[in-house]
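# Chains, contacts and geometry: an overview
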Amino acid sequence: MMEQAKVNIPKLFVCTVIENKDEIEERYERAYTFLQSLVADCSEKEAHDALNNAVCKNHEDISLGMLLSILTEPHNATKCYRDLTLITRDGLTCVLNNLSNLILERYLRFHDTTRNQLLWLIKEMMRNSVTGVDNVCWNLMRYASGGDITPKNIYLVESLLDIYIENKAWLEKFPVLICMVVYTYLRLIEDHNVPHLMTLRQKEVNFVITLIREHFTDVLSLGRDLVRLLQNVARIPEFHQLWQDILTNPRSLCPNFTSVLQILNTRTSRRYLQSRITPDMERKLVFLTSQVRFGHHKKYQEWFQRQYLATPESQSLRSDMIRFIVGVIHPTNELLCSDIIPRWAVIGWLLTTCTSNVAASNAKLALFYDWLFYDPDKDNIMNIEPAILVMHHSMRSHPAVTATLLDFLCRIIPNYYPPFSDKVRQGIFNSLQQIIEKRVLPNLQPLFDSPKLDRELRTTVRETFKEFCSNSNGEGCSGVREEGLDDLPKMGPDEPAFSDDEDEPHNNLPEDTDDDDIPLSEVRARERPELAAALPLLLRPFAETLLDDRSTTATKAFINACGSPMPTVSALADLFAAILQEAPPVKITSNPTPTELEAVLDSPIFAMFTYLTEGTEAKRKIVLDIFKEIHVQSSFQNVGFCLLFYLKVCYERDRKTERDAGRKKNVKFKVDVYKNYCNHLETKLADNLAYDFEKCQETDANLLVWLIPDIYREFKDQAQNHIKLLNVIVSTLDAVQLQRLVCLTLQGTLMMFKSDDITTMLSTSLGWETFEQYCLWQLLTAHDISVEDVLPIIPKLSYKGHAEAVTSVLLMLKQERPTADVLRQMFCRTVDDDDTFVVSTIMYWCQDFEDKVGDLLSVLLSTRYPGTSPNKRKRPGKQSIPPNAPPSAEQVLGHLEQIRVRCVEQNDMSIFKMECMQKALQQSQSNSSDSLRRQYSQLFSLAWEDELPISRRARKLISNSLPLNQNLHSSNEDSEEEEIVKPKQAKRRKKAISDSE
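All of these numbers come straight from a predicted model, not from anything done at the bench. (Residues numbered from 1 in each chain as written. Predicted model: local features only at pLDDT ≥ 70, side-chain atom pairs only at ≥ 80, totals over all residues. Heavy atoms only, no water.)

## What to know about the overall build of the chain
For the record, the criterion: Only DSSP runs of H or I reaching four residues or more are called helices, and only runs of E reaching two or more are called strands; each is numbered from the N terminus. Classification of residues uses two cut-offs on accessible area relative to the type maximum, computed with a 1.4 Å probe and protein chains only: under 20% is buried, over 50% is exposed, and between them is partly exposed. Here, Shrake-Rupley sampling with a 1.4 Å probe gives the accessible areas, and only protein chains in the shown set may cover a residue.
Counting its secondary structure elements, the chain contains 57 helices and zero strands. Expressed as a percentage of its 997 residues, the buried residues of the chain come to 52%. Accessible surface, the chain as shown: approximately 46000 Å² in total, 50% of it carbon and sulfur.

## Digging into the environment of Y185
What counts here: Contacts: residue pairs with any heavy atoms within 4.5 Å of one another. Distance and chemistry together define a polar contact, namely a pair of N or O atoms within 3.5 Å, with one atom able to donate a hydrogen and the other to accept it when in protein, and with adjacent residues in sequence counting only for side-chain atoms on both sides.
Here Y185 is to be found in helix α11 (residues 175–191). The sequence separation of Y185 and M141 amounts to 44 residues, and the corresponding C-alpha distance is 9.7 Å. Setting aside anything within four residues of it in sequence, one finds Y185 in contact with V157, L160, L161, Y164, E204 and V208. Within the structure, the side chain of Y185 is placed 3.1 Å from the backbone nitrogen of L161, a separation counted as a polar contact.

## Quick word on the nonpolar core
Our working definition: Only buried residues count toward a nonpolar core. Its members are Ala, Val, Leu, Ile, Met, Phe, Trp, Tyr and Cys residues joined through side-chain atoms within 4.5 Å.
Counting residues in hydrophobic clusters, the biggest one holds 168 residues, and the most contacted among them are F239, W371 and F465. Those residues within four positions of F239 in sequence are excluded, and the remaining contacts are L186, I189, V205, V208, I209, I212, L230, V233 and A234. Membership of the second largest hydrophobic core comes to 141 residues, among which are W768, L780, L823 and F940.

## A short note on the packing of aromatic side chains
The cut-off we apply is this: Any two rings among Phe, Tyr and Trp, with Trp reduced to its six-membered ring, count as a pair given centres within 6.5 Å; such a pair is stacked if its planes are under 30 degrees apart, edge-to-face if over 60, and tilted if neither. A ring is considered to have a charge above it if a Lys NZ or an Arg CZ atom is located within 6 Å of its centre and within 35 degrees of its normal.
Going through the model one piece at a time under the given rule, you end up with 32 aromatic pairs. Centroid distance Y183 to Y272: 6.0 Å. Interplanar angle 45 degrees. Geometry classified as tilted. Of this pair, Y183 sits in helix α11 while Y272 sits in helix α17 (residues 270–275); the two residues are 89 residues apart in sequence, bridging distant segments of the chain. With relative accessibility at 2%, the residue Y183 sits in the buried group. Its guanidinium or amino end placed over the ring of W138, R271 lies 4.2 Å from that ring's centre, counting from NZ or CZ. Across from the ring centre of W706, 4.1 Å away, lies the NZ or CZ of K648, which sits over that ring.

## Concerning helix α22 (residues 343–352)
Across the ten residues of α22, ten count as buried, placing the element largely inside the fold. The complete set of buried residues in α22 reads R343, W344, A345, V346, I347, G348, W349, L350, L351 and T352. Of the surrounding elements, those touching the buried residues of α22 are α18 (279–290), α19 (298–308), α20 (317–327), α23 (357–372), α24 (385–395) and α25 (399–415).

## Overview of unusual backbone geometry
Positive phi values are uncommon outside glycine, yet R439 reaches one of about 60 degrees. Positive phi values are uncommon outside glycine, yet D784 reaches one of about 55 degrees. With respect to the helices and strands, the residue D784 is situated in the loop between α45 (770–782) and α46 (787–790).

## So, the packing of helix α36 (residues 639–657) against helix α40 (residues 701–714)
So the rule is basically this: Throughout, an axis means a line fitted to C-alpha atoms (over the contacting stretch in the case of helices), and angles, computed between N-to-C directions, take values from 0 to 180 degrees. Angles below 35 degrees are treated as roughly parallel, those above 145 as roughly antiparallel, those between 65 and 115 as roughly perpendicular, and all remaining angles as oblique. Each residue is assigned to one class: nonpolar for Ala, Val, Leu, Ile, Met, Phe, Trp, Tyr, Cys and Pro, charged for Asp, Glu, Lys and Arg, and polar for all the others, Gly among them.
One can describe the packing of α36 onto α40 by two numbers: an axis separation of 10 Å at closest approach and a directional angle of 75 degrees. By the angle between their directions, the pair α36 and α40 is classed as roughly perpendicular. Along the contact surface, α36 presents F641, L644, F645, K648, V649, Y651 and E652, while α40 presents L703, W706, L707, D710, I711 and R713. Across the contact of α36 with α40, the residue classes break down as nine nonpolar, no polar and four charged.

## A short note on the pattern of salt bridges
The cut-off we apply is this: Basic side-chain nitrogens of Lys or Arg form a salt bridge, by our definition, when they fall within 4 Å of a carboxyl oxygen of Asp or Glu.
Inspection of the entire model under this criterion finds 48 salt bridges. Note that K452 is salt-bridged to D574, the shortest N-O span being 2.4 Å. Of this pair, K452 sits in the loop between α27 (445–448) and α28 (455–464) while D574 sits in helix α32 (residues 569–582); the two residues are 122 residues apart in sequence, bridging distant segments of the chain. Among the salt bridges present, the one from E682 reaches K628, with a minimum N-O distance of 3.4 Å. One end of the pair, E682, is in the loop between α38 (671–681) and α39 (685–699); the other, K628, is in helix α35 (residues 617–633), with 54 residues separating them in the sequence. Judged by relative accessible area, E682 falls into the exposed class, the value being 65%. What emerges from the salt-bridge pattern is a single network uniting R224, D225, R228, R267, R323, D370 and D379.

## Description of the environment of G801
With respect to the secondary-structure elements, G801 resides in the loop between α46 and α47 (803–814). Residue class for G801 comes out partly exposed when judged on its relative accessible area of 47%. Along the primary structure G801 and L766 are separated by 35 residues, whereas in three dimensions their C-alpha atoms are 8.3 Å apart.

## A short note on the environment of I412
One can find I412 in helix α25. For I412, a relative accessible area of 3% translates into the label buried. For the pair I412 and R425, spaced 13 residues apart in sequence, the C-alpha separation works out to 9.0 Å.

## Considerations on the confidence of the model for the chain
Our working rule: Per residue, pLDDT captures the predictor's confidence, and it can take any value from 0 to 100.
Residue-level pLDDT values for the chain average 81, and 85% of them are 70 or greater. Low pLDDT, under 50, characterises residues 471–527; the predicted model gives this stretch 156 contacts beyond four residues in sequence or across chains.

## A short note on the packing of helix α31 (residues 552–561) against α32
Where α31 meets α32, the closest approach of the two axes is 13 Å, and the angle between their N-to-C directions is 180 degrees. On the basis of their axis angle, the class for α31 and α32 is roughly antiparallel. Between α31 and α32, the contacting residues are T555, F558 and I559 on the first element and L572, L575 and F576 on the second.

## Focus: helix α52 (residues 915–927)
We count it as follows: A helix is expected to span 1.5 Å for every residue after the first.
Across its 13 residues, α52 extends 18 Å between first and last C-alpha, which sits within 8% of the 18 Å expected from 1.5 Å per residue. Among all positions of α52, only M917, Q918, A920, L921, Q922, Q923, S924, Q925 and N927 are buried.

## Focus on the side chain of D835
Mapping D835 onto the fold places it in the loop between α48 (820–826) and α49 (837–862). Reaching out from D835, the side chain makes a polar contact with the backbone nitrogen of F837 at a distance of 3.1 Å. In contact with D835, not counting residues within four places along its chain, are Y799, R829, T830 and Q898.

## Here's the deal with the side chain of T613
Within the secondary structure, T613 is located in helix α34 (residues 604–613). Of the polar contacts made by the side chain of T613, one reaches the backbone oxygen of T610; its length is 3.2 Å. Look past the residues within four positions of T613 in its chain and what remains in contact with it is Y646, L647, K670 and V673.

Dropping the structure here:
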């Protein structure tokens, strides 16, 4: 019967062919199997008795088994739920907790049957007033997603609504859940303005209005986002009437409610902002803002766009996401200082990819909403930080983003709600003041008075925020008029804060198909007039041609035209950054042909490089200044490795065109060009090489490998042993590319290492990934790095934590002959029964060099014991042991004991029978403490095979060959007794020896 139960376990989740069962599913299946083993083939009374007997010891398993049965077997659900309520020992707390976890973690994978049964179970629990079911409802409502009118989502929305309507008396016992229902359905009503959902919408409207009017005191706790949602549905008659009561007759709703300002001054709890994002979306957004590095986010944003923002209805979801990011995701200082993608960048991406004017306007309001009534004593600076940073960081390369946000901020003051315009102004001023005080931005002047804003907008900003501007003379805070400002595009007409589609203005951002670049990007049609307008009139036609063609010819024509009047470096950098960002990435095959390389060079950036190798000093400086400004802006980070690629192509081309063998050898790689580039950027040459290789790694591994031989030949002083550069290389290689580098090394055309300071590099590499370390050691082996260079790290290697390095060093030692230095470092390793490094090496050497190994081991052991009494040896005390200190006596004995055990297993004790080893063991036993003698008794027993006479002869031989203390000739017992009975005499004896010496 058990086998039958296993075969017929119902499925809780939808699984694809590539998905395995996870721990949660297996847990529920085990519980179900256990349940069936108790009740199979039993009458109802017998089953009930069996369950009651088993529930005391297996309460959770039985509860989960019944929960699985309820969720997957509709025909058995009623009976199973009844049995569950009868046998539960905790009021269904275990079931409710596990049900909430299932919903939060796996709801999207539920079968349709499971989803239906979940709603049935919730309804039954409401009827029975089970404590805690309100938390289950809260978690399930999070999946009633906004911006989604698919049948499955609408079914969940309507089913929950019907349950609440049917169980309204139960709902009214939970004020917090009432607020959640109101907040959720207010948001959903906005999306249900389509013909086939009008019936559902009306039902939602009637229920929400009833809840708000009957529980207005509770609903007030929702705070200012309640007002934001009510404004989105203000044109629906029932909500229009509610607005009339709120504004003109507030006490009719609640005796203590005097003004809408009460709500606007209350910050909405983070849990409500979180509730409008599904748990799945929340996990993705949290991952994006806490784990994804700035510049590595493209694939994540593309996936998110396809998954959640691909339909026209999903446009309204952007406001929910922005409110969540602003109000819930508050990164730590550590995250803020890291290279993780910041909140402002994610918000900028959501704004620039919005294709609906209404949704764009609502998204901007969601971004600035906490500004309008900001109170420094009650509100959080983290809620206003993203908006100012979006404007600040977009100004340099994408001023249209900043312009539309500044325009919105200026217009919202008089237009949000005219009677409160002074309060809105004060809230925004409080926000700006807090931004300055908290040093979010040190100064607002560059933002408010940027020459990249059109004249009309600059005037509006100065008039609106004159307290934050240094003057108001019509020329901006800087007092400088910029050429070409009249040509900048003007912002559109006034933008009402809230309206329906027919009244919404069309000055929002246009549809943006490039939604993944950060710094924020816009479509070229919006960007081109901004880029050209920042240039002198004479250059604008050349800039237009360059933006159209993006060719090497247009690039050279533009640079040749640069002269008097000279454009600003920032304007040139903005132009070329826009050009380079849209150029295809530089990629080559593993063995590029000259034709392929020349085709790659047909790009604007390589046309710019010609001025670094062939141009006049003036043009060279223009190009270098442009690259420096691009570097400062971080708007295009591939210049460096593209320059290295260009220099190598030129080098190969020059060598190929030179037919004379003697002259061909004189063709030089133009190292100075790259050095001048680094000097102009004010960066160190070695660090810049590593940085450029890192960017090359992100673009094309073949290109990186193709550059390696030349970089290590031409920049050997900077490249060899450079840890970061080496890590970039080995983290890029595959097996074929590694083989190629090894072959180049054997041919003598690649030298990546030098003996100087190789220990530091090896120590650092211990933390690298397994294949990275494998590549490193393969390259080291190809370079014939001597074992002496590796010796210092041998004592540091952990057989568990550094298995890759241990294996590589072991194989390296296999090729070496035993030496005193090698043994000394090996025996400095910590003794561990599981660590066979020393034993394996010694046993392998013994196959060919047993006599040599025996001599070395005996000397190493003998030199661990100075000629003093075992109980009076000098102790190092608190003095620190130097890094290159020889191994201690305990370490040597520990490793010898491991060797002894292995020799016993192999039935070959020849190495310990050597005369030198016998002498060393006898000496070490005589000089060891009692505890060491006991610990290594089996090892020391090997030195006393011929008993006492041999022992005496051995001591005599040792006394003739080694400077032993004569006091040690007495027996151990006499020595110990002398130490205990005559301690002062022992001290005098020691002093006499010292004097005689």
